[in-house]
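One letter stands for each residue in the lines below.
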Amino acid sequence: MMRPVAALSVIALVGLACAPAARAQEQREQKPPSIVVSGEATVRAAPDRAFVTIAVESRDKNPSEAQRDTATAMDAVRKKLAAAGVTAEQIKTVAYDLQLEFDYEKGRRIPREYLSRDAIEVRLDDVTTVGKVIDAAVSAGATTIGGVRFDLKERDALEREALRQAVADARARAEAAAAGAGVRVASVLRVEEQRVFPPQPVPMMMRAGVAAAEAAPETTISAGEIELKGQVTLTVRIE
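**Focus: the overall build of the protein**
For the protein, the count of helices and strands is five helices and eight strands. For the protein, with 239 residues in total, the buried portion stands at 29%. Taking the intrachain contacts of the protein between residues at least 6 apart in sequence as the baseline, contacts between residues at least 24 apart amount to 83%. With the model as given, the accessible surface of the protein reaches about 15400 Å², and the carbon-plus-sulfur share is 53%.

See below:
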């Protein structure tokens, strides 16, 4: 008496197992015909903001003396920057180090002296003042200028413009592909942004001693242009 019930149970389980596969097959059959294309665009703009990293270093066998010399040198640099029109809000400390340096002799570490280093990043909203600020810092006692980079105050708006142009480029490509196939674009099914990260600028390193020894003329910095790229993948339905 139990065998028919068991057979019915097996049939029911098989039916449940096949249902998802049937639905997936049905969805594949109902998937509308489409075209997938890529679009890209580049927006160029002259930078209107710059960042300069300025550092001072001091060495002494006494850590307190090394710290004091660094603090004195950085105070002179900050005062010189203020005279050049740089406000306190434009200055940010990015590194401060105090470490004992060693010499190595026959596999042994021999303490030499303490190195104290203070580094600040200066934001400049007028890129034409970069050279003047560098010269002011070096003349006040800065020992290293490390990393001049340029940026845009309205970067977000320009990135969105690059993205808009990339979508328009993709749409034009989709319409061209559809026309070549004898169909037309009916609607947009999906737009996916492909984030493009520009290469990081290579830091420019300059030692104050070298610049002073060569008695260089006023520092000239060229900002050039910044490129913002937009890239998308567009899926459209055709008919």
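**Overview of the nonpolar core**
With 23 residues, the main nonpolar core has V52, I54, V77, L81, V122 and L124 as its most contacted residues. Listed by contribution, the elements that provide at least two residues to this core are strand 2 (49–60), helix 2 (63–83), strand 4 (108–124), helix 3 (130–140) and strand 5 (144–151). A total of six residues in this core trace back to one element, the largest contributor, which is helix 3. Among residues more than four places away in sequence, those in contact with V52 are I120, E121, V122, L124, V130, I134, I145, G147 and V148.

**Looking at the side chain of Q90**
Structurally, the position occupied by Q90 is in the loop between helix 2 and strand 3 (91–105). When its relative accessible area of 13% is taken as the criterion, Q90 is described as buried. Within the structure, the side chain of Q90 is placed 2.6 Å from the backbone oxygen of R123, a separation counted as a polar contact. Beyond its immediate chain neighbours, meaning those up to four positions away, Q90 contacts G85, E121, V122, R123, L124 and D125.

**A short note on the pairing of strand 5**
Of all the eight residues making up strand 5, six are buried; the element is thus mostly covered by neighbouring parts of the structure. With six bridges connecting them, strand 2 and strand 5 associate as antiparallel partners. Within strand 5, the position partnered with A55 by the bridge is T144.

**Quick notes on the sheet that holds strand 8 (residues 226–238)**
Judged by pairing direction, the sheet is antiparallel, and its three strands sit side by side in the order 1-8-6 without closing on themselves. Among the strands making up the open sheet, the edge pair consists of strand 1 (34–45) and strand 6 (185–193). Within the sheet, the average angular offset between the axes of one strand and its neighbour, ignoring direction, is 30°. As paired elements, strand 6 and strand 8 share seven bridges and run antiparallel to each other.

**A closer look at the confidence of the model for the protein**
Segments scoring low in pLDDT should not have their predicted coordinates read at a detailed level. Per-residue pLDDT for the protein has a mean of 85; in total, 79% of the residues score no lower than 70. Counting interchain partners and residues more than four positions distant, the pLDDT-below-50 stretch residues 209–214 has two contacts.

**Considerations on helix 2**
Across its 21 residues, helix 2 extends 30 Å between first and last C-alpha, which sits within 8% of the 30 Å expected from 1.5 Å per residue. Within the span of helix 2, buried status applies to A66, T70, A73, M74, V77 and L81. All buried residues of helix 2 fall inside an arc of 100° around its axis, so they share one side. Projecting away from the buried face of helix 2 at angles above 90 degrees are the exposed residues T72, K79 and A83. The inward-facing, buried residues of helix 2 abut strand 2, strand 3, strand 4 and helix 3.

**Details of the packing of helix 2 against helix 3**
Viewed as axis vectors pointing N to C, helix 2 and helix 3 meet at an angle of 145°, and their least axial separation amounts to 8 Å. The handedness of the crossing between helix 2 and helix 3 is right-handed. When helix 2 is examined against helix 3, the residues A73, A76, V77, K80 and L81 are found in contact with a partner set consisting of V133, A136, A137, S139 and A140. Of the residues contributing to the contact of helix 2 with helix 3, the split by class is eight nonpolar, one polar and one charged.

**Comments concerning the environment of I134**
Tracing the backbone shows I134 in helix 3. Between the alpha carbons of I134 and I145 there is a distance of 7.4 Å; along the sequence they are 11 residues apart.

**Description of unusual backbone geometry**
Non-glycine residue K106 carries a positive phi angle of around 55°. Along the chain, K106 turns up in the loop between strand 3 and strand 4.

Criteria and cut-off values
- Residues numbered from 1 in each chain as written.
- Predicted model: local features only at pLDDT ≥ 70, side-chain atom pairs only at ≥ 80, totals over all residues.
- Heavy atoms only, no water.
- Helix = DSSP H or I, 4+ residues; strand = E, 2+ residues; numbered from the N terminus.
- Buried < 20%, exposed > 50% of the residue type's maximum accessible area, 1.4 Å probe, protein only.
- Contact = heavy atoms within 4.5 Å.
- Areas by Shrake-Rupley, 256 points an atom, 1.4 Å probe, with all protein chains shown as cover.
- Core = buried A, V, L, I, M, F, W, Y, C linked by side-chain atoms within 4.5 Å.
- Polar contact = N/O pair within 3.5 Å; in protein donor to acceptor, adjacent residues only side chain to side chain.
- Pairing = 2+ DSSP bridges.
- Axes fitted to C-alpha atoms, helices over the stretch in contact; angles between N-to-C directions.
- pLDDT = per-residue confidence, 0-100.
- Expected span 1.5 Å × (residues − 1).
- Arc of directions from axis to C-beta.
- Left-handed = near helix turned anticlockwise from the far one by under 90°.
- Nonpolar A, V, L, I, M, F, W, Y, C, P; charged D, E, K, R; others polar.

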